[in-house]
Amino acid sequence: MPSENQRVSNSANDAVFVFADNDDPFIFADDDRRQPTNATNEDDTGSQAVPNSPPASVATWKVLIVDDDVLVHRATTLALEDCTFESKPLMFLHAHSGAEAKDLIQAHPDTALILLDVVMETHDAGLQVVQYIRAELPNHQVRIILRTGQPGEAPEASVILDYDINDYRLKTELTRQKLITVVISSLRSYRNILTIENQNSELTYALDHLQQTQAQLIQAEKMSSLGQMVAGVAHEINNPANFIYGNLFHTETYVQALLKLIKTYQEHYPTPVQAIQTTAEFIDLPFLMEDLPKLLDSMQVGANRIKHIVESLRNFSRLDEVGIKPVDIHSGIDSTLLILQHRLQANDKHPEIAVIKEYGQLPLVQCYIGSLNQVFMNILSNAIDALEMGTLLFETLCERQAPFNKLRATQCIAGDWGMTSETFSQFSLPTIRIRTEIQDANRVLIRIADNGPGMSESILKRIFNPFFTTKPVGSGTGLGLSISYSIVVEQHGGHLTCSSALGKGTEFVINIFIQHPEKCLKKIASEKNGTKKS
């Protein structure tokens, strides 16, 4: 390696080296002194290691040099050929245009550092490469150093603000030692980023494992029922609500009495002393006497609303009814719908979800109503999730059909899905249909259907498996339908089935006994034991 105060050679190529003093030579001169060339030689290949680079089997730091001047490539590799970081040498890749650079960084995503020229085939070719790497790939790990000899084409202040680069250097100010310093600093930053990302991956894996273990513990403990939580909330709300509700009657009585007293004073003493007149004017007595009864009426309406909600919560949980009780199934469904009312209303995810209730004439059904309400909650919540997804899918697909109108878009998309446009257009009108009927002398059917996007056959086969979910991480445990299946089948000796197809919605059917499900369970257990013995 030549010493730092000597020229590399006596050829014409030496024009690229300019010495500041005997201590640290400048690597590049002004671009005006640089002679662009289209010559082809060993440095013009799209990507290659310099002669002194280690074998490919050795771990190296990949450095991509992007510049349209071959002399810049040579000077950079000569300046850095003996540079190592953490005992690993550098491996140089070469690109002579922005287009070449895009291909190389895509082929070598593990590139640690890019030394990037700005003005190449276009005045902003380098900046376009930065945008491509950060936004389109996207690669936020690789460190990017802009090196320019024409700062007027890419002013440092605007480039730093507008582009995700890590350093900005003028070629005329870049000595060999400064180049080594900035390279080592960038490699250290790259290494730290990789370390943090590896640690994040390990933490994510540990968190996923912890969440799965937690879900398994919840399942092992039979999981605290939703009804218990709702009942607890209802109980806590009920006490202060009853206090307010009970005292509102007395408050109104007292206020009316005081207002009557004030009116009596006004009738007999129409001209009170100045102090009373001043106070009456200050508090705006006429407005107060008119508005106070309205406030009390408003508080009464709010208290009634709270009381109604608490009653619905308690009806949903039904924890005060231990064991099997004859109950009105429709009441349980209605209470569940009330709990989910806020999700049925129009919001930024979907328009208002219509609920069509087709209730049959059902007798009282002997069941664990608290547990059965959990089943209603899980199925209806999943239906709402599916409708939100269906609405998003419909809007996205319609946007892709522009500039067709919505009707034309619907027809095109429906054809791709193998549906009629009338069926597909239901995505824009999210609906849940609940139907109840008597199947035979001792069974009832509860059907809950939605017109969401439906499920594929492979997903349909797994929906009742514990911990299986199609929802994003953190949005579901995969236990809802598994627990629902256990409640219907094991607690009530019934059946829980699901039918669905892509683009055709989903329907769950709950089939349970009308009378004595406990006796039916004993009968089933007896039959199983008899089958095992035989």
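Conventions and cut-offs
- Residues numbered from 1 in each chain as written.
- Predicted model: local features only at pLDDT ≥ 70, side-chain atom pairs only at ≥ 80, totals over all residues.
- Heavy atoms only, no water.
- Buried < 20%, exposed > 50% of the residue type's maximum accessible area, 1.4 Å probe, protein only.
- Helix = DSSP H or I, 4+ residues; strand = E, 2+ residues; numbered from the N terminus.
- Pairing = 2+ DSSP bridges.
- Contact = heavy atoms within 4.5 Å.
- Axes fitted to C-alpha atoms, helices over the stretch in contact; angles between N-to-C directions.
- Salt bridge = Lys/Arg side-chain N within 4 Å of Asp/Glu carboxyl O.
- Parallel < 35°, antiparallel > 145°, perpendicular 65-115°, else oblique.
- Left-handed = near helix turned anticlockwise from the far one by under 90°.
- Patch = residues over 30% accessible without salt bridge, like charges linked within 9 Å, V, L, I, M, F, W, Y side chains within 5 Å.
- Areas by Shrake-Rupley, 256 points an atom, 1.4 Å probe, with all protein chains shown as cover.

> Pulling in residues and values, what's your account of the pairing of strand 3 (residues 88–95)?
Strand 3 sits mainly inside the fold: six of its eight residues count as buried. Pairing analysis gives six bridges linking strand 1 (residues 61–66) to strand 3, with the strands arranged parallel. Each bridged residue has a counterpart across the sheet, and for Val66 the counterpart in strand 3 is Ala95. Sheet analysis places strand 2 (residues 84–85) next to strand 3, joined by two bridges and oriented antiparallel.

> Can you lay out the sheet that holds strand 2 for me, pointing to particular residues and giving the numbers?
Read across the open sheet, the six strands follow the order 2-3-1-4-5-6; overall the sheet is mixed. The sheet is open, and its two borders are formed by strand 2 and strand 6 (167–170), each paired with just one other strand. Lying over the sheet, helix 2 (residues 98–107) contacts strand 1, strand 3 and strand 4 (113–116), oriented at roughly 140° with respect to strand 3. Each of strand 4 and strand 5 (143–148) is contacted by helix 3 (residues 125–136), which is oriented at about 175° to strand 5, the strand it contacts most.

> Help me get a handle on the pattern of salt bridges, residues and values and all.
A full pass over the atoms with the stated rule returns 15 salt bridges. Between Glu388 and Arg343 there is a salt bridge, with the nearest N and O atoms lying 3.5 Å from each other. Separated by 45 residues along the polypeptide, Glu388 in helix 11 (residues 369–400) and Arg343 in helix 10 (residues 341–344) bring together distant segments of the chain. There is no split in this pair, since Glu388 and Arg343 are both buried. Of the charged contacts, one joins Lys461 and Glu457 as a salt bridge, the two residues approaching to 3.8 Å between their closest N and O atoms. Accessibility assignment for this pair places Lys461 and Glu457 in one class, exposed. Connected through salt bridges with shared partners, the residues Arg435, Glu437, Arg447 and Glu507 form a single ionic network.

> Which residues make up the sheet that holds strand 13 (residues 506–513), and what values go with them?
Through backbone hydrogen bonds, the strands of a sheet pair up, either in parallel or in antiparallel fashion. On the basis of which strands lie adjacent, the open sheet formed by five strands has the order 8-10-11-13-12 and mixed pairing. For this open sheet the edge positions go to strand 8 (354–358) and strand 12 (495–500), each flanked by a neighbour on one side alone. Here the strands of the sheet are splayed against their neighbours by 15° on average, with no regard to which way each runs. Across eight bridges, the pairing between strand 11 (residues 443–450) and strand 13 is antiparallel. When the bridges of strand 13 are listed, Ala449 appears paired with Glu507. In the packing of helix 9 (residues 329–339) onto the sheet, contacts are made with strand 8, strand 10 (431–440), strand 11 and strand 13, and the angle to strand 10 comes to roughly 165°. Lying over the sheet, helix 15 (residues 480–491) contacts strand 12 and strand 13, oriented at roughly 135° with respect to strand 12.

> Quick rundown of the environment of Val118? Include the residues and the values.
For Val118, the position within the fold is in the loop between strand 4 and helix 3. Taking the relative accessible area as the measure of exposure, Val118 reaches 0% and is therefore buried. Along the sequence, Val118 and Ala154 sit 36 residues apart, while their C-alpha atoms lie 7.3 Å from each other. Every residue in contact with Val118, bar those within four places of it in the chain, is listed here: His123, Asp124, Ala125, Gly126, Leu127, Leu146, Arg147, Thr148 and Ala154.

> Which residues make up the packing of helix 2 against helix 3, and what are the values?
Between two packed helices, the angle of one axis relative to the other and the distance separating the axes together describe the packing. It is at 9 Å that the axes of helix 2 and helix 3 come closest, and there the two elements cross at 25°. Between helix 2 and helix 3, the angle is such that the two are roughly parallel. Judged by the sense of rotation from one axis to the other, the crossing of helix 2 with helix 3 is right-handed. In contact with Gly98, Ala101, Lys102, Ile105 and Gln106 of helix 2, helix 3 contributes Gln128, Val129, Tyr132 and Ile133.

> Lay out unusual backbone geometry with the relevant residues and their values.
Residue Leu137 is joined to Pro138 through a cis peptide bond whose omega torsion reads -25°. Within the fold, Pro138 resides in the loop between helix 3 and strand 5. Positioned with a positive phi, Glu86 is a non-glycine residue whose angle comes to about 55°. Inspection of the secondary structure puts Glu86 in the loop between strand 2 and strand 3. Located in the positive-phi region is Asp284, a residue other than glycine, with phi close to 55°. You can see Asp284 is positioned in the loop between helix 7 (274–283) and helix 8 (285–317). By relative accessible area, which is 39% here, Asp284 ends up partly exposed.

> Help me get a handle on a nonpolar patch on the surface, residues and values and all.
Together, Leu258, Leu261, Tyr265 and Tyr269 make up a nonpolar patch on the protein surface, roughly 480 Å² of accessible area in all. Tracing the backbone through its elements, the reader meets Tyr265 in helix 6 (residues 226–268).

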